[in-house]
Amino acid sequence: MNGDEMMKGWHVMSEEVISGMAEWRQQHPQATFREIEAEVDTRLAVLRVRMMSDAALQSRQADWEAGSRAALCPNCGAELVKKGKKKRKLQTRGGQEVELEREYGVCPRCGQGIFPPG
Ligand SMILES: [Zn+2]
């Protein structure tokens, strides 16, 4: 996942936060300020977690793709073998699809295929 792909995913998610909040407001015209605050917090928390995990994973994945760090099989701990870039489709909460191109790894021992680091 490069920076552009990461931003693309964040854009889609932030649009969901915005449109979801607008929709919620229409369905809750009598909501108090506290209720609105809680709803905004809940929706932003999802985006916050996603941004943190993406940003954290990005450097580990870049290291693996550059060959400076090994990725291990989550099943058996063997070192994964790179199988080239594959497109990975991720579903957002709102059912929208984000397509990312990432290096795919296969375990030589148990045959498990994953997108490191997970
Ligand atoms: Zn394995």
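Scope of this entry: the structure provided in the associated data block. Everything numeric here is computed off the predicted structure, so don't read it as measured data.

**As for the overall build of the chain**
Secondary structure summary: the chain contains two helices and three strands in total. Listing the helices and strands of the chain from first to last along the sequence gives α-α-β-β-β. For 118 residues, the compact-globule formula gives about 13 Å, and the C-alpha radius of gyration of the chain, at 18 Å, lies well above that figure. Considering only contacts in the chain between residues 6 or more positions apart, those separated by 24 or more positions represent 50%. Carbon and sulfur atoms make up 52% of the accessible area of the chain, which totals about 7,600 Å². Here the chain holds 18 positive side-chain charges and 17 negative ones, and the gap between their average locations is 6 Å.

**Structural notes on the pattern of salt bridges**
Taken as a whole and judged by the stated rule, the model has five salt bridges. Across the salt bridge formed by Lys-85 and Glu-65, the nearest N and O atoms sit 3.1 Å from each other. Of this pair, Lys-85 sits in strand β1 (residues 81-91) while Glu-65 sits in helix α2 (residues 33-66); the two residues are 20 residues apart in sequence, bridging distant segments of the chain.

**Focus: the coordination of the zinc ion**
The protein atoms donating to the zinc ion are Cys-73 (SG), Cys-76 (SG), Cys-107 (SG) and Cys-110 (SG), with metal-donor distances spanning 2.3 Å. Each donor residue of the zinc ion lies on the same chain, and together they follow the pattern C-x2-C-x30-C-x2-C. In this pair, Cys-76 sits in the loop between α2 and β1 while Cys-110 sits in the loop between β2 (97-106) and β3 (113-114), placing the two residues 34 residues apart along the sequence.

**Some details on the sheet that holds β1**
Strand order across the open sheet formed by three strands is β1-β2-β3, with antiparallel pairing between neighbours. The open sheet is flanked by β1 and β3, the only strands paired with a single partner. Of the strand pairs in this sheet, β2 and β3 are connected by two bridges, and their pairing is antiparallel. Note that in β3 the partner of Val-106 across the bridge is Gly-113. Each of β1 and β2 touches α2; the most contacted strand, β2, lies at about 45 degrees to it.

**So, the nonpolar core**
One recurring pattern in soluble globular proteins is that nonpolar side chains are buried together. Grouped together as the largest cluster of nonpolar side chains are seven residues: Trp-64, Ala-71, Cys-73, Ala-78, Leu-80, Cys-107 and Ile-114. If we skip the residues at most four places from it in the chain, Leu-80 touches Trp-64, Ala-71, Leu-72, Cys-73, Val-106, Cys-107, Pro-108, Gln-112, Ile-114 and Pro-116.

**Focus on the packing of helix α1 (residues 3-27) against α2**
Closest axis-to-axis distance for the α1/α2 pair is 10 Å, and the angle between their directions is 170 degrees. The angle between the axes of α1 and α2 places the two elements in the roughly antiparallel class.

Parameters at a glance
- In every chain, residue numbers begin from 1 and rise along the written sequence.
- Residue-level local features of this predicted model are given only where pLDDT is at least 70; pairs of side-chain atoms are given and counted only at 80 or more, and the full residue set underlies all totals for whole chains, interfaces and linings.
- Heavy atoms throughout the structure, all of them, feed into the side-chain values; hydrogens and water do not.
- Where helices and strands are cited, they refer to DSSP runs of H or I of at least four residues and of E of at least two residues respectively, numbered from the N terminus.
- Computation of the radius of gyration draws on C-alpha atoms alone. For the globule rule, the value is 2.2 Å times the number of residues to the power 0.38.
- We call two residues in contact whenever any of their non-hydrogen atoms come within 4.5 Å of each other.
- Only the protein chains shown count as cover for residues, and the accessible areas themselves come from Shrake-Rupley with a 1.4 Å probe.
- None of His or the chain ends enter the tally, which takes Lys and Arg as positive and Asp and Glu as negative.
- To locate a charge, the coordinates of NZ of Lys, CZ of Arg, CG of Asp or CD of Glu are taken.
- Salt bridges are defined as contacts in which a side-chain nitrogen from Lys or Arg sits within 4 Å of a carboxyl oxygen from Asp or Glu.
- Ligating atoms shown are N, O and S within 2.8 Å of the metal, or 3.2 Å for Na, K and Ca, and water is not included, meaning a site may look less than complete.
- For two strands to pair, DSSP has to find at least two bridges joining them.
- Axis angles are defined between N-to-C directions and span 0 to 180 degrees, where every axis is a line fitted to C-alpha atoms and, for a helix, only to the segment in contact.
- By nonpolar core is meant a set of buried Ala, Val, Leu, Ile, Met, Phe, Trp, Tyr and Cys residues that side-chain atoms within 4.5 Å join together.
- Exposed residues in this analysis have more than 50% of their type's maximum accessible area, buried residues have under 20%, and partly exposed residues fall in between, with area computed by a 1.4 Å probe over protein chains only.
- Orientation categories follow fixed angle ranges, with anything under 35 degrees roughly parallel, anything over 145 roughly antiparallel, 65 to 115 roughly perpendicular, and all other angles oblique.

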